[in-house]
Amino acid sequence: MTIVALGINHKTASVELREKVAFSPEQMSEALQQLSGHAHFNEAVIVSTCNRTEIYCSLAQQNSQTLLQWLAHFHGLDERELSSNTYCYENNAAINHLMRVACGLDSLVLGEPQILGQIKQAYHSAKTHDAIGVTFDRLFQKTFSVAKQVRTETDIGASAVSVAYAAVNLAKHIYGKLDKTNVLLIGAGETIELVAKHLYQNGPQKITVANRTIERAKNLAQTVSAEVIALAQLPECLHQADIVISSTASTLPIIGKGVVEQALKKRRHKPMLFIDIAVPRDIESQVGELDAAYLYSVDDLQTIVSENIAAREQAAQQAQVIITERTDEFAMWLRSLDSVDLIRHYRKDVQAIKSELVERAVGQLQTGKDAEKVILELANKLTNRLMHAPTRAIQDAAKKGEVAELSQLKKMLGIDQE
């Protein structure tokens, strides 16, 4: 049996090609049925996300090209084009890769946790379609255990590595819990959408979205249960916010020192946190000179992000040590399966020989043949039959001069030549 990981991801292929190789839910069901019914494939799990499509498969024979051919045929793609944009790992390398992916070490954002949930979903889907057996069930359970260990024993997911996430983490660091804070988001672009998503997960008391285009602000607000105001309303509403996070495409500052001074007076100088993610700046730098106004720019956040990336890279090295150990453990378990099968087949063959010869001996005794001669014949034939295969192996190894194999045979047969 050969374990194979065949994949395509953000590092090896364009978005256009990744889209062609991705599996829709309907295609996933059909694909798993095809793989589980294919003569060359024993077990299979398909992981399909926006950044990667990977097929983990155990092959009856060592020919990973078969899997590439199947994938190209399934999606109607040119096999040569697909081959030049895919990667393929076998056995220990495939196991190691699966564990790296599950731990977020192969992701676009190092250490991101979403991929583990996607792999778990892929595993359950394969199980539903009877596409996995004992080996892959053990492999994926081992993988989930490794991912949990890496999250517990390293800081791979502890640090913010996006500006949006860093902004929310900064607010949490200053305020602790955000459940009693009012947050004002200025803008409705991609960065603010990410900020809103992270904020919503932390349950602030109130989120307000201010944007030049009200309709776009409403679309964002619906996803995070926020209120909407126009940019022109900022001066009269600013004092209500404990945290202000801004990211617009404006070429001039939206919030000036004077507006913030007025807001602080209305708040009786209760502190305000300003996080300006925009380039050029949305908030005048002089705001940071005011007492009770704490201003952080995108450069401040980028410094935090850079430090956190370095911390995650160090954690990734620690994670790889764990993954290597667990890969070796699983490989050892696989080898033990081979030995169990070998022993089972050997015992079956020996039992068959014994049964055959005993049946013949009993027959001879029933016809009145001398018991001593029958027992002697049984012993000789049993000895000769059991010695035949080892004797041939020793003779072949001796003829070829294979000293190491002869030594191994001696050890297996318990021969002491001292």
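This report concerns the structure included in the present document. What you see is a predicted model, and the numbers here were worked out from it, not measured in a lab. (Residues numbered from 1 in each chain as written. Predicted model: local features only at pLDDT ≥ 70, side-chain atom pairs only at ≥ 80, totals over all residues. Heavy atoms only, no water.)

1. Quick word on the state of the cysteines
Throughout the structure, instances matching the rule amount to zero disulfides. As a non-bridged cysteine, Cys57 has Cys88 as the owner of its nearest cysteine sulfur, 10 Å distant. Among the residues examined, Cys88 registers a relative accessible area of 35% and is labelled partly exposed. (Disulfide = S-S within 2.5 Å. Buried < 20%, exposed > 50% of the residue type's maximum accessible area, 1.4 Å probe, protein only.)

2. Side note on the pattern of salt bridges
Any two side chains of opposite charge can pair if their charged atoms end up close together. Considering all chains together, one arrives at 15 salt bridges under this definition. Residue Glu325 pairs with Arg326 through a salt bridge whose shortest N-O separation is 3.6 Å. Classification of Arg326 by relative accessible area gives buried; the value is 16%. Several salt bridges converge on common partners, so that one network encompasses Lys11, Arg52, Glu54 and Asp106. (Salt bridge = Lys/Arg side-chain N within 4 Å of Asp/Glu carboxyl O.)

3. Some points on the sheet that holds strand 2 (residues 41-48)
The antiparallel open sheet is built from four strands, whose spatial order is 2-3-1-4. Edge positions in the sheet fall to strand 2 and strand 4 (87-90), since each has one partner strand and no second. For this sheet the average axis-to-axis angle between neighbouring strands, irrespective of direction, equals 15 degrees. Sheet topology note: the strand 1 (residues 2-9)/strand 3 (residues 52-59) ladder contains eight bridges and is antiparallel. Note that in strand 3 the partner of Gly7 across the bridge is Glu54. (Pairing = 2+ DSSP bridges. Helix = DSSP H or I, 4+ residues; strand = E, 2+ residues; numbered from the N terminus. Axes fitted to C-alpha atoms, helices over the stretch in contact; angles between N-to-C directions.)

4. Quick look at the packing of aromatic side chains
In the structure shown here, the tally under the stated rule is ten aromatic pairs. On the basis of an interplanar angle of 85 degrees and a centroid distance of 6.1 Å, the ring pair of Tyr56 and Phe140 is categorised as edge-to-face. In this pair, Tyr56 is assigned in strand 3 and Phe140 in helix 7 (residues 134-153), connecting sequence segments 84 residues apart. Note on Tyr123 and Phe140: the rings are 5.9 Å apart at their centroids and 20 degrees apart in plane angle, and the pair reads as stacked. With Tyr123 in helix 6 (residues 114-128) and Phe140 in helix 7, this residue pair connects regions lying 17 residues apart in the sequence. Exposure class is identical for Tyr123 and Phe140. Each is buried. Through pairs of rings, three or more aromatic residues link up here, namely Tyr56, Tyr123, Phe136, Phe140 and Phe144. When the ring centre of Phe144 is taken as origin, the NZ or CZ atom of Lys120, which lies over that ring, is 5.7 Å away. (Phe/Tyr/Trp six-rings, centres within 6.5 Å; stacked < 30°, edge-to-face > 60°. Lys NZ or Arg CZ within 6 Å of the ring centre and 35° of its normal.)

5. Here's the deal with the nonpolar core
Generally speaking, soluble globular proteins have nonpolar side chains that are buried together. In this structure, Leu67, Trp70, Ile119 and Phe140 are the most contacted members of the largest nonpolar core, which totals 62 residues. Considering every element that reaches this core, the biggest residue donor is helix 13 (residues 298-366), with eight residues. Excluding residues that lie within four positions of it along the chain, Phe140 makes contacts with Val45, Tyr56, Leu98, Ile119 and Tyr123. Of all hydrophobic cores here, the second largest spans 30 residues; its members include Leu178, Ala221, Val224 and Ile275. (Core = buried A, V, L, I, M, F, W, Y, C linked by side-chain atoms within 4.5 Å. Contact = heavy atoms within 4.5 Å.)

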